[in-house]
Amino acid sequence: MSLNQKTFRPKKSATSGTKGAQLRKHIDATLGSGNLREAVKLPPGEDLNEWLAVNLLFGTLTEFCTPENCSTMTAGPKWADGVQIKKPIEVSAPKYVEYLMDWIETQLDDESIFPQRLGAAFPPNFREVVETIFKRLFRVYAHIYHSHFQKIVSLKEEAHLNTCFKHFILFTHEFILIDKKELAPLQELIESIIAPY
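All of these numbers come straight from a predicted model, not from anything done at the bench.

1. Details of the overall build of the protein chain
Item 1. Within the protein chain one finds nine helices and zero strands.
Item 2. Counted from the first residue to the last, the protein chain has its helices and strands arranged as α-α-α-α-α-α-α-α-α.
Item 3. Taken over 197 residues, the protein chain has a buried fraction of 38%.
Item 4. Looking at the protein chain alone, contacts between residues at least 24 apart form 60% of all its contacts between residues at least 6 apart.
Item 5. Here the protein chain displays about 12300 Å² of accessible surface, and carbon together with sulfur accounts for 56% of that area.

2. Some points on the nonpolar core
Item 1. In this structure, Phe138, Phe165, Phe168 and Ile169 are the most contacted members of the largest nonpolar core, which totals 38 residues.
Item 2. Secondary-structure elements contributing two or more residues to this core are α6 (93–109), α7 (126–154), α8 (158–174) and α9 (187–194).
Item 3. A total of eleven residues in this core trace back to one element, the largest contributor, which is α7.
Item 4. Here phenylalanine 168 is in contact with Phe134, Leu137, Phe138, Tyr141 and Ile178, once residues within four sequence places are set aside.

3. Considering the packing of α7 against α8
Item 1. Remark: α7 packs on α8, axes separated minimally by 11 Å, with the N-to-C direction vectors making an angle of 155°. Of the possible angle classes, the one that applies to α7 and α8 is roughly antiparallel. Regarding α7 and α8, the two cross each other, and that crossing is left-handed. Contacts from Phe134, Leu137, Phe138, Tyr141, Ile144, Tyr145, Phe149, Ile152 and Val153 of α7 reach α8 at Glu158, Leu161, Asn162, Cys164, Phe165, Phe168, Ile169, Phe171 and Thr172.
Item 2. Split into classes, the residues belonging to the contact of α7 with α8 amount to 15 nonpolar, two polar and one charged.

4. Observations regarding the side chain of glutamine 107
Item 1. As for its placement among the helices and strands, glutamine 107 is situated in helix α6.
Item 2. Residues in contact with glutamine 107, not counting those within four places in the same chain, are Ile113, Phe114, Val129 and Ile133.

5. Comments concerning the packing of α8 against α9
Item 1. In the contact formed by α8 and α9, the axes pass within 10 Å of each other and the chain directions differ by 80°. Comparing their axes, α9 and α8 come out roughly perpendicular. Counted together, Phe165, Lys166, Ile169, Leu170 and His173 of α8 and Leu189, Ile190, Ile193 and Ile194 of α9 form the full contact between these two elements.

6. A few points about the pattern of salt bridges
Item 1. With the rule as written, the count across this model stands at three salt bridges.
Item 2. Glutamate 131 serves as the salt-bridge partner of arginine 127, at 2.9 Å between the closest nitrogen and oxygen. Residue arginine 127 and its partner glutamate 131 are located together in helix α7, separated by four residues, close to a single helical turn.
Item 3. Taking the relative accessible area as the measure of exposure, arginine 127 reaches 42% and is therefore partly exposed.
Item 4. For glutamate 182, the salt bridge identified is with arginine 139, shortest N-O distance 3.6 Å. Placement of glutamate 182 in the loop between α8 and α9 and of arginine 139 in helix α7 is noted, with a sequence separation of 43 residues between them.
Item 5. You can call glutamate 182 partly exposed: its relative accessible area is 23%.

7. Observations concerning the environment of leucine 183
Item 1. Tracing the backbone through its elements, the reader meets leucine 183 in the loop between α8 and α9.
Item 2. Given a relative accessible area of 10%, leucine 183 falls into the buried group.
Item 3. Note: C-alpha distance between leucine 183 and arginine 139 (44 residues apart in sequence) is 8.7 Å.

8. Observations regarding α6
Item 1. Taking 1.5 Å per residue, 17 residues should reach 24 Å; α6 reaches 24 Å between its end C-alpha atoms and fits that length.
Item 2. Inspection of α6 places Ala93, Pro94, Tyr96, Val97, Leu100, Trp103, Ile104 and Gln107 among the buried residues, and these make up the whole buried set.

9. Some details on the packing of aromatic side chains
Between two aromatic rings, the relevant description is the distance of the centres plus the angle of the planes.
Item 1. Across all of its chains, the model carries 13 aromatic pairs by this definition.
Item 2. For the pair phenylalanine 122 and phenylalanine 126, a centre-to-centre distance of 4.6 Å together with 50° between the ring planes defines the contact as tilted.
Item 3. Taking the centre distance of 5.6 Å and the plane angle of 40° together, the rings of phenylalanine 134 and phenylalanine 168 count as tilted. In this pair, phenylalanine 134 sits in helix α7 while phenylalanine 168 sits in helix α8, placing the two residues 34 residues apart along the sequence.
Item 4. For phenylalanine 134, a relative accessible area of 16% corresponds to the buried category.
Item 5. Relative accessible area serves as the criterion here: at 7%, phenylalanine 168 is assigned to the buried category.
Item 6. Through a chain of ring-to-ring contacts, three or more aromatic side chains come together here, namely Phe134, Phe138, Tyr141, Tyr145, Phe149, Phe165, Phe168, Phe171 and Phe175.
Item 7. The side chain of arginine 136 reaches across the aromatic face of tryptophan 103, ending 4.5 Å from its centre.

Reading the values: the criteria
- Residues numbered from 1 in each chain as written.
- Predicted model: local features only at pLDDT ≥ 70, side-chain atom pairs only at ≥ 80, totals over all residues.
- Heavy atoms only, no water.
- Helix = DSSP H or I, 4+ residues; strand = E, 2+ residues; numbered from the N terminus.
- Buried < 20%, exposed > 50% of the residue type's maximum accessible area, 1.4 Å probe, protein only.
- Contact = heavy atoms within 4.5 Å.
- Areas by Shrake-Rupley, 256 points an atom, 1.4 Å probe, with all protein chains shown as cover.
- Core = buried A, V, L, I, M, F, W, Y, C linked by side-chain atoms within 4.5 Å.
- Axes fitted to C-alpha atoms, helices over the stretch in contact; angles between N-to-C directions.
- Parallel < 35°, antiparallel > 145°, perpendicular 65-115°, else oblique.
- Left-handed = near helix turned anticlockwise from the far one by under 90°.
- Nonpolar A, V, L, I, M, F, W, Y, C, P; charged D, E, K, R; others polar.
- Salt bridge = Lys/Arg side-chain N within 4 Å of Asp/Glu carboxyl O.
- Expected span 1.5 Å × (residues − 1).
- Phe/Tyr/Trp six-rings, centres within 6.5 Å; stacked < 30°, edge-to-face > 60°.
- Lys NZ or Arg CZ within 6 Å of the ring centre and 35° of its normal.

Put into structure tokens, the structure is as follows:
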């Protein structure tokens, strides 16, 4: 079993009256409040591990974003990492996410790219690597919004998705990490996020 399969296990639906259902209710109440600090805090008296498990959005997607339902990654080009897969290949959306998460983990673990020692120099191409990471993560958001948003709404998880995406966009916008043309698939939504700021 790969690391991604362990990390992105399908979310179990929370039965009414259970701890998971109570935590879901807390998420629903705080995510739309506009106060991100409150939305992420561990509710008083709750188990930290339960809280961490409930907050994994991608686990929800694995129930319906399958190789059968999403046989092609709809938001972005074919996959290539330049090392293990040099020639771009067409993959399903879940496979794209798996490759992406593995690739990001490899980048983060590479001390020549992300130095661990305080004061160590970052490589000259550091910003380029970070931009590529964010650009590829954006493609996952674009896929979710284009292919699965109605399902997210039916699960009442759109506030969670929108809050995560808002943070992602404000951060990438602040540091100009994604070229504007890459953002075109969700440009209208992005403009509505950035406009108030």
